[in-house]
Amino acid sequence: MTARGWPIWSGEVLVPAGDTAELVVMLERPATVTGVVVGVTGEPVEGVKVVASEEVRGGWHFDPFPPSEDVTDAEGRFRLEWVAPGERMLAANDYRRPEIGRALGFVDCPPGGVVDVRLQLDLGVTIQGRVVGPTGQGLAGWRVSAKPRFHPRVAGQTYPRQTVSRSDGTFEVTNLDARYRYDLNV
């Protein structure tokens, strides 16, 4: 259920067969989340998308309606409006720059309140290596992707990760899920 200016409400109601049920939906005032995103060494990072949404399997969001989101400014600051009260997950990343890392955090949002947070990017589980030619020289600009192998005890598929080799052939594939084994493709 949605109403302009209010956060999304969701709930359940059990209606016995052949019967009716009455439901009263009490909307709570939305919260506002402000904050800063900093890099792995603590400096503010510009151009990082911050979203108030539960992240699933390393990068997927399955909200029925677009969640509150913002992109950090030159000082790393962001502002999220219309955030539903309660504990909310915040996800911060720039998928065009995976080498800067990602951040996940939880924040308790009081109805009608403003909460200020600091999210620090982290590289997470990382695979490092070097792409070389037949004579051992580093090869620049080669795409390296890490595709998770399916594992029956881990539900669903995780978000794929990729990067491009640097001028000396070195690469880093960051923010991998430690529950998986990965096949690398170059």
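Residues numbered from 1 in each chain as written. Predicted model: local features only at pLDDT ≥ 70, side-chain atom pairs only at ≥ 80, totals over all residues. Heavy atoms only, no water.

Chemist: How would you sum up the overall build of the protein? Please name residues and give values.
Modeler: Looking only at helices and strands, one finds zero helices and twelve strands in the protein. Counting the 186 residues in the protein, one finds 37% classified as buried. In the protein, of all internal contacts separated by at least 6 residues, the share reaching a separation of at least 24 is 64%. Taken as a whole, the protein presents about 11,400 Å² of accessible surface, with 53% of it coming from carbon and sulfur. (Helix = DSSP H or I, 4+ residues; strand = E, 2+ residues; numbered from the N terminus. Buried < 20%, exposed > 50% of the residue type's maximum accessible area, 1.4 Å probe, protein only. Contact = heavy atoms within 4.5 Å. Areas by Shrake-Rupley, 256 points an atom, 1.4 Å probe, with all protein chains shown as cover.)

Chemist: If you had to explain the nonpolar core to someone new, which residues and values would you point to?
Modeler: One finds Val33, Val37, Phe78, Leu80, Leu90, Val117 and Leu119 to be the most contacted residues of the largest nonpolar core, which totals 20 residues. Secondary-structure elements contributing two or more residues to this core are β1 (31-38), β2 (49-52), β4 (77-83), β5 (86-93), β6 (103-109) and β7 (114-120). Counting nine residues, the second largest nonpolar core, distinct from the first, contains Val131, Val144, Phe171 and Tyr182. (Core = buried A, V, L, I, M, F, W, Y, C linked by side-chain atoms within 4.5 Å.)

Chemist: Please give an account of the pattern of salt bridges that cites residues and values.
Modeler: Counted under the stated rule, the structure contains five salt bridges. Ionic pairing is found between aspartate 94 and arginine 97, a salt bridge with its closest N-O pair at 2.7 Å. For aspartate 94, a relative accessible area of 6% gives the class buried. (Salt bridge = Lys/Arg side-chain N within 4 Å of Asp/Glu carboxyl O.)

Chemist: Can you explain a nonpolar patch on the surface? Please cite residues and give values.
Modeler: On the surface, a nonpolar cluster with roughly 250 Å² of combined accessible area is contributed by Val13, Val15 and Leu23. Here valine 13 is to be found in the segment before β1. (Patch = residues over 30% accessible without salt bridge, like charges linked within 9 Å, V, L, I, M, F, W, Y side chains within 5 Å.)

Chemist: Describe the sheet that holds β2, listing the residues and the values that go with them.
Modeler: Taken together, four strands build an open sheet; the order of strands is β3-β2-β5-β6 and the sheet is antiparallel. The open sheet has two edge strands with one neighbour each: β3 (69-71) and β6. On average, each strand axis in the sheet is tilted by 20° relative to the strand beside it, whichever way the strands run. Strand direction decides the pairing type here: β5 and β6, joined by seven bridges, are antiparallel. Residue pairing across strands places alanine 91 opposite leucine 104, the latter belonging to β6. (Pairing = 2+ DSSP bridges. Axes fitted to C-alpha atoms, helices over the stretch in contact; angles between N-to-C directions.)

Chemist: Lay out unusual backbone geometry in plain terms, naming residues and giving numbers.
Modeler: With a phi close to 55°, tryptophan 82 is a non-glycine residue in the positive phi region. Within the secondary structure, tryptophan 82 is located in strand β4. Unusually for a residue other than glycine, asparagine 175 sits at a positive phi of about 60°.

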